[in-house]
Amino acid sequence: MPRPVLDVRDLTKVYGTGEATVHALAGVTMSVDRGDYVAIMGSSGSGKSTLMNILGALDVPTAGSYHLDGVDVSKLVDRQLALARNRLIGFIFQAFNLIPRTTALANVELPLAYAGVKAKERRRRALAALEVVGLADRAKHEPNQLSGGQQQRVAVARALVTEPALLLADEPTGNLDSHSTADVLEVFDELSASGRTIVLITHEPEVGDRAKRLIRLVDGRIVEDIRQSAVDQIPVGAATGRHTR
Amino acid sequence: MSLYEVIRFALRGLSANKLRSALTMLGILIGVAAVILLVAVGNGSAKAISDRIEALGTNTITVMSTGRGGTTSTALTVPIANALVDPALAPDVASVSPVVTASSSTMTYEGTEHSVSSFVGTTPSWFAASNTPVGTGASFTTDDEAQGRRVVVIGQTVSEELFPGVDPIDKQVTVGGALFTVIGVLSEKSSTGFQDANDTAIAPLSAVREVLTGYGSLNSILVEAKSPDKVDAVQSEVATILNQRLKVSATASTTSRTGGNTSSTPYRIQNASQLLATQTETADTFTTLLGAVAAISLLVGGIGITNIMLVTVTERTREIGIRKALGAPRRVILTQFLIEATLLSVLGGALGVAAALIGSSFEIVGVKPVIVPSSIGLALGVSIAIGLFFGGLPASRAARLRPIDALRYE
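Residues numbered from 1 in each chain as written. Chains lettered and ligands numbered in written order. Predicted model: local features only at pLDDT ≥ 70, side-chain atom pairs only at ≥ 80, totals over all residues.

Trainee: I tried to follow the overall build of chain B on my own but got confused; where do I start?
Mentor: The number of helices and strands found in chain B is 13 helices and 10 strands. Considering chain B as a whole, with its 410 residues, one finds that 43% of them fall into the buried category. If you take every contact in chain B between residues at least 6 apart in sequence, the share linking residues at least 24 apart comes to 84%. (Helix = DSSP H or I, 4+ residues; strand = E, 2+ residues; numbered from the N terminus. Buried ≥ 20, exposed ≤ 12 C-beta atoms within 10 Å, placed from the backbone. Contact = placed C-beta atoms within 7 Å.)

Trainee: Looking at this structure, I do not really get the confidence of the model for chain B. What am I missing?
Mentor: Do not read the fine detail of predicted coordinates wherever pLDDT is low. Residue and element names in this part refer to chain B. Scored by pLDDT, chain B comes out at a mean of 81, with 90% of its residues at no less than 70. The least confident element of chain B, judged by mean pLDDT, is helix α8 (residues 231–257) at 67; the most confident is strand β5 (residues 151–154) at 90. Within the model, the stretch residues 248–263 combines pLDDT values under 50 with 12 contacts to residues more than four positions away or in other chains. ipTM for the predicted complex: 0.89, alongside a pTM of 0.66. (pLDDT = per-residue confidence, 0-100.)

Trainee: Just checking my understanding: could you explain the interface of chain B and chain A for this structure?
Mentor: For an interface, size is often stated in terms of accessible area lost upon the parts coming together. Contacts between chain B and chain A engage 17 residues on the former and 20 residues on the latter. Going through the elements one at a time, α1 (3–16), α10 (317–325), α11 (330–359) and α13 (403–408) of chain B are the ones with two or more residues in the side of chain B that touches chain A.

Trainee: What is the right way to read the nonpolar core from this model?
Mentor: Proteins that are soluble and globular tend to have nonpolar side chains buried together. Judged by nonpolar contacts, the single largest core of 120 residues is most densely connected at A157, L168 and V199 of chain A together with V32 and I36 of chain B. For this core, the element with the most residues is helix α2 (residues 18–55) of chain B, which contributes 13 residues. Residues in contact with V199 of chain A, not counting those within four places in the same chain, are L6, V32, V38, I40, L55, L166 and L168 of chain A. (Core = buried A, V, L, I, M, F, W, Y, C linked by C-beta atoms within 7 Å.)

Trainee: Where do I start with α10 of chain B in this structure?
Mentor: Each full turn of the α-helix corresponds to 3.6 residues, which orients residues three or four apart in the same direction. All names here are of chain B. In terms of burial, α10 is a largely internal element, eight of the nine residues being buried. Among all positions in α10, only T317, E319, I320, G321, I322, R323, K324 and A325 are buried. Positive phi appears at G327, one or two residues downstream of α10, with a value of about 100°.

Trainee: Teacher, can you tell me more about the packing of helix α5 (residues 148–160) of chain A against helix α6 (residues 178–193) of chain A here?
Mentor: For any two helices packed against each other, the geometry is given by the interaxial angle and the distance between the axes. Residues and elements named next belong to chain A. Contact pair α5 / α6: the axes reach a minimum separation of 8 Å and the direction vectors enclose 20°. In terms of orientation, α5 and α6 fall into the roughly parallel class. Handedness of the crossing formed by α5 with α6: right-handed. Of α6, the residues touching α5 (which contributes G148, G149, Q152, R153, V156 and L160) are S180, D183, V184, V187 and L191. (Axes fitted to C-alpha atoms, helices over the stretch in contact; angles between N-to-C directions. Parallel < 35°, antiparallel > 145°, perpendicular 65-115°, else oblique. Left-handed = near helix turned anticlockwise from the far one by under 90°.)

Trainee: Sorry, what's going on with the sheet that holds strand β3 (residues 37–41) of chain A here?
Mentor: Sheet strands line up and pair through hydrogen bonds in the backbone, either parallel or antiparallel. Residues and elements named next belong to chain A. The six strands are arranged β6-β7-β8-β3-β9-β10 in an open sheet whose pairing can be described as mixed. This sheet does not close on itself; its edge strands, each paired only once, are β6 (89–92) and β10 (221–227). Pairwise comparison of adjacent strand axes, ignoring direction, gives a mean angle of 15° for this sheet. Relative to strand β8 (residues 198–202), strand β7 (residues 166–170) runs parallel, the two sharing four bridges. Following the sheet pairing, L168 is matched in β8 by V199. Each of β6 and β7 is contacted by α5, which is oriented at about 170° to β6, the strand it contacts most. (Pairing = 2+ DSSP bridges.)

Trainee: In this structure, what is going on with the confidence of the model for chain A? I would like to understand it.
Mentor: Taken residue by residue, chain A gives an average pLDDT of 88. The fraction at 70 or more is 95%. Scored below 50 in pLDDT, residues 240–245 of chain A shows six contacts in the model against residues more than four places distant or in partner chains.

Here is the structure:
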């Protein structure tokens, strides 16, 4: 059994002090294996966003351990955290978070630039990543010239361009219409089929249904953990996609 | 990640917000240019004042009567002026020129009229003593003065008004009903204050007294010292002679006429080098004052730069959050923003210096600005320091935030 990509034990996160204390996470323990496609569902305030930010090393937990690809993230200093975010994690935001007035290509190149990849190699890999999300012809467009779905696919390309161990997506379809949602989900299905590890959070059942594994979060605790299809199979929803092989 | 890459990032960041970058640079430009120009104008006017005083001649003193009524006993007369030429009592005096001035006398040539603002009657030695060289033609001679010949040397303005495109030499002009022959034209002279120094005419003392002013008292006596460092000696020699000549009647008349006046002498001696010293002090005060104004405008400009830098970085806190989430180390983010701030302040400052240098080649409110090099350094230094500090400080604060806090920043 290979070591899990992601392994958290007794993760808690407390906001505020005194009477205003909020336990956003009240002891979450889970592990995700390589190649898995996990959807975390929960209502608003269930702590799923907090969990995602901690998994993405954007926030630090109050207590508990977090191992990412065998590395204890809670012990890393700022400099090493930056490295972990760059090499191990690809993060996709609900609000896309592309750098404004900067072309799609330059946005996708950005993590590679911080990784110290040479300009020529960077360009090649960024174009390849845009090819994967089907936007190679929009490389020179700036974010405000792209539709929401296209922007999110650029963000996906940016997240996967560094070949990270883990792709994290925080409500990736939350700001999209149903057509764009389908586009983005197809990209995820395809990535999962090619062996990528994906963890996303959502409150839309049709998004959760397509994952291989579904985790439900209520009040900062895992209440349900369902395996919908095997890790080494293609995701259930991929069969109906336009990229069916 | 190499420094070259970071510089490219900074350039991309600046060009992605062209309008904001341009406005920031404009703010710095105006701040720097205002300070440099303001100091240059102050310095230029101080320099202009001292130039004018030096043009009056620094080795002369002017004796003027303080008597308002002009009683014959206290008035300056030709005999008094002649008495100042005394090798025994006044060995340092080079020349003495009695001066009468007729203000606003009308000069006519072939139907063209011109009102000369200062029509001076004096002796030939006046030209050298008052630093007023004749440009074309000649000045009158001692003989002309002794004979009372009606000849006149006119200033540039008079020449242009009465003889446009004509050589004025040997032409006849009418002044106060008498004909004068123009024998020379003065060289162009820089104006001393509000009056046009070139709107003047110089004629022999005897002729002017006969035709225009009458045989009353003199307006002033111009005494030339043998060298500039003898001016103080000449002043005391002249005072001694004048006190002798005017003593008796002077004491009587001053007590009756000027009650509380501390000056008991009926004349006043104006010393050009003293005047220069006083004016230099005044000019220094003036420069200090303008320096204070400049410092205030630099402060205001600095607050403008601070404001723009703070807004720029605050607005981009979210972008900093995105960059951190993508794995940018704090050092790289900080370097990028510092380079952006440096480029903005240095470019803006350099353009400001250029604008000030261009602006200083024009006359501003009648003053030719003279750039003070240290003001360039000060203005540039302060604006760059402010730009760096207030560009760098919020950037380093944002770079230290946890990415999630920077991303949530509104």
